[in-house]
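Breakdown of the fold
In case you want the letters, here they are:
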Amino acid sequence: MSNRQEDFFKEETIDFKKYLFLILRNWYWFAISIFFGLFVAYYVNRFSEPIYRVSASVIVRNDQRAGGLTGAEQLLEGMEIFRSTKSIENEIDILKSYELARRALSELKDFDITYEAVGRFKNAKMYNRAEIVVIPTKEFNQLKNYPIHITLLSNDKYRLLINDRKGVDKTLRFGEVFTNSDFSFLVELREVDWHNIPNEEFAFENYTVTFNDLNRIVNQYRSKLNITVNNERRGSVLFLSTQGFNSRQEADFLNKLVDVYIRSGLEEKNQIATQALEFIDEQLLHISDSLRKSENALQAFRSRYQIMDLSREGQAVFTKIERLQQEKVSLDIQAKYFDYLFTYLKDKTQENTLVAPSLMGIPDPLLNSLVGQMNTLFFEKKMLSYGARDNSPAILQINQRIESVSEALLENVTNLIRVNQISVNDNNRLLRLAENELMKLPVTEREFINIERKFILNNNLYTYLLEKRAEVGIARASNIADNKVLDYARYENAVTVSPKRSRNYMLSIVFGIGLPLIIIFLLDFFNNKIREKKDIENKTNVPILATIGHNNIDCEYPVFEKPRSSIAESFRALRTNLQYVLREEKSKVISITSTLSGEGKTFTAINLAIIIAISGKKTLLVGLDLRKPKINKVFKLQKENGLSTFLIGAHGLEEIINPTFVDNLSVVTSGPIPPNPAELIQSEKMEEFISEMKKKFDYIVFDTPPMAIVTDAMILNKFCSLTIFVIRQNFSTRNVVELINELYTRHNLKNLSIVVNDIKTPSYYGYDYGYKYGYGYGYGYGYSDGDGYYSDEPENRGFFYRLRNLFG
C-alpha cells in the first residue's frame with residue numbers, strides 16, 4: 001500500500017516538442033495571420049499620409065557676461081549697460097511661449113490657410129505647393145476651421161462646394177470674388193515653376209481649403225515643439241524639432257521661430273538703450289534753457305564791461321568753485337536717478353525696463369547687478385505671460401523673484417539716497433566757503449565769476465549728457481544678439497516619423513506569428529480536457545493499460561468487421577497487456593467503467609470481449625448498466641429477459657445467456673430497467689450469477705454505469721479481478737484523474753488501470769499516440785505502422801506527418 005500513498009503529482013516541465021507539433025499542425029493559421037498582417041502593413045505604408053520631423057539648433061550664451069562682450073558691451077564695458085544673465089531653462093520657456101509662436105506665425109503668410117489635396121486613396125497637405133491660391137478679402141472676418149471644397153473644372157472655371165448648412169454649390173471663374181455671410185475671397189491659379197517642382201505635386205483636381213484660427217494653430221505648434229539641450233548641466237545648444245504632414249511648412253515655422261527669438265533678444269537690448277535715451281533727453285530738455293540763458297548773460301556782461309580774463313586771485317577762487325560745481329552736477333544727476341528708481345519701486349503700477357545706473361555715472365556694483373536682474377526678470381515675465389495664466393506656477397515663481405529683487409533694490413536705493421544727501425550737504429558747505437572768498441574780490445570781477453560759473457556749470461552738465469547720449473546711441477547701433485542660430489531647419493533633411501515602413505512590416509510579421517501563437521497557447525492553457533498521456537501520468541500512479549485509437553469505421557465492433565485496422569490492433573495490444581496483469585487468475589472478471597456517459601466504456605467493453613473471444617477464450621459480456629442499457633441494441637437482442645430478470649428470479653441462467661455471431665462470445669443483456677438497480681447488484685443472486693459464470697467462461701467483461709453518476713461499479717469491486725477506467729481524449733476533463741486517485745487510494749479497487757479511448761492522430765500528439773502505440777503499462781509491445789500494415793491507413797500521409805515521424 002505504500003505506493004498508494006506516494007505523491008501523485010510529478011513536476012511539470014514545458015514540453016517543447018508538443019508545442020512544436022502544435023504549431024506545425026496549425027501552420028495555416030500562421031500563414032493567414034502573417035498574410036493579413038503584411039496586407040495591413042502595406043495598406044498603412046501605402047495610404048497613410050506621411051509625418052515628417054525637421055530640426056534646427058540655437059546656441060545660447062548663458063554665462064553672466066554672455067560669453068564675452070559684443071556690440072554695446074564692447075563700447076561700454078565699464079558702464080555694464082547691457083549686462084545680462086541667462087539660464088537655459090528660461091530660454092526654453094521663452095522659445096515655447098505663446099507670444100513668440102504667435103509672432104512667428106503672424107509673419108508667415110502661408111499659415112493662415114490650409115490647402116489639402118483630395119486624392120483617390122489619401123489626402124495630402126499642400127502648403128504653398130497647391131495649384132490654386134485663395135486670396136481672402138481684407139478686413140473680412142472669415143469663418144474659421146470650416147472646410148471649403150474646390151474642384152478644378154478647366155483653366156478658367158472651378159466648382160465651389162460648401163456643405164452642411166451653408167448650402168453653397170456654384171461654378172465660378174478664377175479671379176471672381178465669392179462673398180456670403182461667412183466668406184469673402186477669390187481663387188486664382190498659382191504661378192508654378194514647372195522646372196523646379198515635380199508635376200505630380202499638382203496632379204490633383206479636388207482641394208479642401210480651410211481658413212485657420214490663429215490662436216488654434218499657435219497652440220497647436222506650441223504643443224508639438226520639442227526642445228532638448230546638448231548637455232543637461234553645461235550645454236548651451238538648444239535643439240528644436242517639430243513634426244507634421246508637410247516638411248516645408250514645418251521647416252518654415254522653425255526658421256521663423258528662431259529668427260523671431262533672436263530678434264526679440266536684440267529688441268530687449270535695444271529697449272534698454274531706448275529707455276536710457278529717453279531719460280537723457282528729458283534731462284537735456286531741462287538743462288538746455290538754463291544753458292542758453294547763462295550763455296546770453298555771460299556774453300552781455302563781457303560786452304558791457306569789456307572783461308575777458310580774471311586776476312590771479314579771482315582765477316584761483318573760480319577754479320575752486322568750478323570743481324565744486326562739477327561735483328554738484330554729478331551729485332544732482334545721481335539724486336535724480338535715485339529719485340527715478342525710488343518712485344518706480346514705490347509705484348509698481350507697470351513693469352518697464354530700468355535705466356542702467358552706470359549710464360548716470362554711478363559705479364555701485366550692487367546697484368548695477370540688481371537693476372540688471374530686474375530687467376532680465378521683466379523680460380522673462382513678459383515672454384511667459386503670453387503663454388501662461390497669471391496664477392500659473394511659472395508666473396507666480398517669477399513674481400516672487402521680482403518681489404525679492406525689488407525689495408533688495410529699494411533698500412539699496414534708500415541707502416544710496418541717504419549717502420548722496422550727505423555728499424550734497426558737504427558740497428554745499430564747501431561752496432559757501434568758496435563764495436565767502438569770492439566776496440573779497442572787486443564787485444565787477446565777482447559778478448563776472450558768478451555769471452561765468454553758471455555758464456560753465458550748465459555747459460559741463462549739457463556736454464556730459466550729450467556724451468552719454470552719443471555713447472548710448474553708438475551702443476544701440478552696434479548691438480548684436482546674444483544668441484545665434486547654428487543650423488536652420490531644412491526640409492531636405494526631414495526625417496520620416498510615420499509610417500515607418502520597415503518597422504511596420506516587421507511588426508506585421510511579429511503580429512502574424514504572435515497572435516495565433518498566443519491564441520494557441522491560451523486555448524491550450526484553458527483547455528481542461530485530457531489530450532495526451534502526460535496529462536494523466538503527471539498526476540497519478542495508476543498505470544495506463546492501453547490506448548485505443550479513433551474509430552473511423554461506421555460500426556460498433558470494428559475489431560470484428562475490420563480485423564486489420566489500427567483500432568483492432570490497439571485492442572489486441574490491450575488483450576496482450578491483460579494477460580500480464582491477470583496471469584494468476586483462473587477465471588478473469590473485468591469491470592469497465594468511466595466517469596460520465598459518452599467516454600466509450602460500452603464500446604471498449606464490447607470490442608475487448610470480442611477480441612478476447614477471437615483469441616479462443618470463452619468470453620461473457622455482461623451489461624451491468626441497468627439504468628441505460630446499450631448492449632442489446634448493438635447485438636440486436638431483445639431486452640425482455642436479462643440480468644435484471646434473473647436477479648429478481650423471473651428467468652434462469654440459461655435463459656439470459658445469448659450466443660452471438662462471434663465464436664466463443666456470449667452476451668447477457670441488462671434486461672428491463674428495474675426500479676432498484678443497486679439493491680439487485682448487492683443481492684445474493686448476483687453472487688450466484690458470478691459464481692456460475694466463472695465456471696463456464698474464461699473471461700467475464702462487465703459494462704458498468706459511470707462512477708460519477710452511480711456507485712454500481714463500486715459494489716462489483718469484490719467480484720472483479722481488474723477494474724478498467726476509460727478516459728476519452730479531448731472529452732474527459734483532467735478532474736477525472738482526481739477521481740481515479742481517490743478510487744485508487746480509498747476504495748482499494750483491484751488492479752485499477754486506465755485505458756485512454758478515442759485517440760486521434762494530429763501531428764502535435766503524434767509522438768505520444770498516433771499510429772505508434774507505446775502502451776503505458778509496459779507489458780505489451782508496440783506495433784509499427786509500416787507502409788500498408790493497417791487496412792485503414794491513408795495512402796498519402798503528407799509532409800507534416802513525415803516530419804512528425806522523423807522527430808517522433
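Scroll up to find the structure.
Residues numbered from 1 in each chain as written. Predicted model: local features only at pLDDT ≥ 70, side-chain atom pairs only at ≥ 80, totals over all residues. Heavy atoms only, no water.

A count of helical and extended segments in the protein chain gives 24 helices and 22 strands. Residue burial in the protein chain is summarised as follows: out of 808 residues, 48% are buried. Within the protein chain, contacts between residues separated by at least 24 positions form 77% of all contacts whose residues are at least 6 apart in sequence. (Helix = DSSP H or I, 4+ residues; strand = E, 2+ residues; numbered from the N terminus. Buried < 20%, exposed > 50% of the residue type's maximum accessible area, 1.4 Å probe, protein only. Contact = heavy atoms within 4.5 Å.)

Right, let's talk about a nonpolar patch on the surface for a bit. Side chains of Phe35, Phe36, Phe39, Val40, Phe511, Leu515, Ile519 and Leu523 sit close together on the surface and give an oily, nonpolar patch of about 800 Å² of accessible area. Of all the secondary-structure elements, those providing two or more residues to the nonpolar patch are α2 (27-47) and α12 (501-526). One can find Phe39 in helix α2. On the basis of relative accessible area, Phe39 is assigned to the partly exposed category, the value being 47%. (Patch = residues over 30% accessible without salt bridge, like charges linked within 9 Å, V, L, I, M, F, W, Y side chains within 5 Å. Areas by Shrake-Rupley, 256 points an atom, 1.4 Å probe, with all protein chains shown as cover. Salt bridge = Lys/Arg side-chain N within 4 Å of Asp/Glu carboxyl O.)

On to the sheet that holds strand β7 (residues 168-173), then. Taken in spatial order, the six strands of this open sheet run β3-β2-β10-β5-β6-β7, and their pairing is antiparallel. Taken across any chain shown, the strands that pair with only one partner, and hence form the sheet edges, are β3 (123-125) and β7. Put simply, the sheet's adjacent strands are angled 25° from each other on average, direction ignored. Here strand β5 (residues 148-152) runs beside strand β10 (residues 206-211); their pairing, made up of four bridges, is antiparallel. Residue pairing across strands places Ile150 opposite Tyr207, the latter belonging to β10. (Pairing = 2+ DSSP bridges. Axes fitted to C-alpha atoms, helices over the stretch in contact; angles between N-to-C directions.)

This part takes up unusual backbone geometry. That bond from Ser498 to Pro499 is cis: its omega, 0°, falls within 30 degrees of zero. Relative to the helices and strands, Pro499 is located in the loop between β14 (495-498) and α12. The phi dihedral of Lys636 falls on the positive side, at around 55°, and the residue is not glycine. Relative to the helices and strands, Lys636 is located in the loop between α17 (631-634) and α18 (643-647). Among the residues examined, Lys636 registers a relative accessible area of 76% and is labelled exposed. Its identity as a non-glycine residue notwithstanding, Asp758 has a phi of 60°, on the positive side. With respect to the helices and strands, the residue Asp758 is situated in strand β22 (residues 752-759). Asp758 gets classed as buried once you look at its relative accessible area, which sits at 7%.

On the basis of which strands lie adjacent, the open sheet formed by three strands has the order β4-β9-β8 and antiparallel pairing. A strand with exactly one partner marks an edge of an open sheet, and here the two such strands are β4 (132-136) and β8 (177-179). For this sheet, the mean angle separating the axes of adjacent strands, direction not counted, is 30°. Pairing analysis gives five bridges linking β4 to strand β9 (residues 184-189), with the strands arranged antiparallel. Opposite Val134, over in β9, you have Val187 as the bridge partner.

Our next topic: the nonpolar core. For soluble globular proteins, nonpolar side chains are generally found buried alongside one another. By size, the foremost hydrophobic cluster in this structure holds 38 residues, and its most contacted members are Phe571, Leu608, Leu621, Phe635 and Ile724. Listed by contribution, the elements that provide at least two residues to this core are β15 (544-549), α15 (566-581), β16 (588-594), α16 (601-614), α17, β19 (665-668), β20 (699-703) and β21 (722-728). Per element, the largest residue contribution to this core is nine residues, and it comes from α16. Look past the residues within four positions of Leu608 in its chain and what remains in contact with it is Phe571, Leu574, Leu578, Ile592 and Ile724. (Core = buried A, V, L, I, M, F, W, Y, C linked by side-chain atoms within 4.5 Å.)

Moving on, we come to the packing of helix α1 (residues 16-25) against α2. At a closest axis distance of 4 Å, the pairing of α1 and α2 adopts a crossing angle of 60°. As summarised for this structure, α1 and α2 are arranged oblique, according to the angle between their axes. Together, Ile23, Leu24 and Arg25 of α1 and Trp27, Tyr28 and Phe30 of α2 make up the contact between the two elements. Class assignment of the residues belonging to the contact of α1 with α2 gives a composition of five nonpolar, no polar and one charged. (Parallel < 35°, antiparallel > 145°, perpendicular 65-115°, else oblique. Nonpolar A, V, L, I, M, F, W, Y, C, P; charged D, E, K, R; others polar.)

Where two aromatic rings form a pair, the distance of their centres and the angle of their planes describe that pair. Enumeration according to the criterion identifies 18 aromatic pairs in this entry. Taken together, a centroid distance of 6.0 Å and an interplanar angle of 85° make the contact between Trp27 and Tyr28 edge-to-face. With relative accessibility at 46%, the residue Trp27 sits in the partly exposed group. Aromatic ring contacts, followed pair by pair, group Phe111, Tyr127, Tyr221 and Phe253 into a single cluster. Over the aromatic face of Tyr221 sits the side chain of Lys224, whose NZ or CZ is 4.2 Å from the ring centroid. Its end group placed over the ring of Phe646, Lys685 keeps NZ or CZ at 4.4 Å from the ring centre. (Phe/Tyr/Trp six-rings, centres within 6.5 Å; stacked < 30°, edge-to-face > 60°. Lys NZ or Arg CZ within 6 Å of the ring centre and 35° of its normal.)

Quick look at helix α4 (residues 88-95) now. Across the eight residues of α4, six count as buried, placing the element largely inside the fold. Looking at α4, one finds that the buried residues are Ile88, Asn90, Glu91, Ile92, Ile94 and Leu95.

Turning to the packing of helix α5 (residues 98-106) against helix α6 (residues 214-224), a few remarks are in order. The N-to-C vectors of α5 and α6 enclose an angle of 120°; their axes lie 9 Å apart at closest approach. α5 and α6 meet at a crossing whose hand is right-handed. Counted together, Tyr98, Ala101, Arg102, Leu105 and Ser106 of α5 and Leu214, Asn215, Ile217, Val218, Asn219, Tyr221 and Arg222 of α6 form the full contact between these two elements. Class assignment of the residues belonging to the contact of α5 with α6 gives a composition of seven nonpolar, three polar and two charged. (Left-handed = near helix turned anticlockwise from the far one by under 90°.)

A separate point is the environment of Ala613. For Ala613, the location among the structural elements is in helix α16. Expressed as a C-alpha distance, the spacing of Ala613 and Asp663, which sit 50 residues apart in the sequence, is 6.6 Å. Not counting the four nearest positions on each side in its chain, Ala613 is found in contact with Thr619, Val662, Asp663, Asn664 and Leu665.

Let us now look at the environment of Asp482. Position of Asp482 among the secondary structure elements: in the loop between α11 (443-477) and β13 (484-487). Classification of Asp482 as buried rests on a relative accessible area of 10%.

Another aspect to go through is the side chain of Ser594. Within the fold, Ser594 resides in strand β16. A distance of 3.4 Å separates the side chain of Ser594 from the side chain of Glu599, its partner in a polar contact. (Polar contact = N/O pair within 3.5 Å; in protein donor to acceptor, adjacent residues only side chain to side chain.)

A word on α1. Residues separated by three or four positions in an α-helix point in the same direction, a consequence of the helix having 3.6 residues per turn. Those residues of α1 that sit buried are Lys18, Phe21, Leu22 and Leu24. Projected down its long axis, α1 shows its buried positions confined to an angular sector of 165°, all on one face. (Arc of directions from axis to C-beta.)

Another aspect to go through is the side chain of Asn128. Mapped onto the secondary structure, Asn128 falls in the loop between β3 and β4. By relative accessible area, which is 17% here, Asn128 ends up buried. A polar contact of 2.7 Å, which involves the side chain of Asn128, links it to the side chain of Arg129. Setting aside anything within four residues of it in sequence, one finds Asn128 in contact with Asp110 and Arg190.

When strand β1 (residues 51-59) meets β14, the two strands line up antiparallel, connected through three bridges. In the sheet register, Tyr52 faces β14, and the bridge partner there is Thr496. Bridge count between β1 and strand β12 (residues 237-244): eight bridges; the pairing is antiparallel. Each residue of the ladder has a partner; that of Val54, found in β12, is Thr242. As judged from the three bridges shared by β1 and β13, these two strands associate in the antiparallel manner. Across the sheet, the residue bridging to Val58 is Val485, located in β13.

A few words on the pattern of salt bridges. Inspection of every chain in the model, using the stated rule, returns 15 salt bridges. Between Asp169 and Arg159 there is a salt bridge, with its nearest N and O atoms 2.8 Å apart. Residue Asp169 is located in strand β7, and its partner Arg159 is located in strand β6 (residues 157-162); the two are separated by 10 residues in the primary sequence. Residue classification places Arg159 among the partly exposed positions, given a relative accessible area of 34%.

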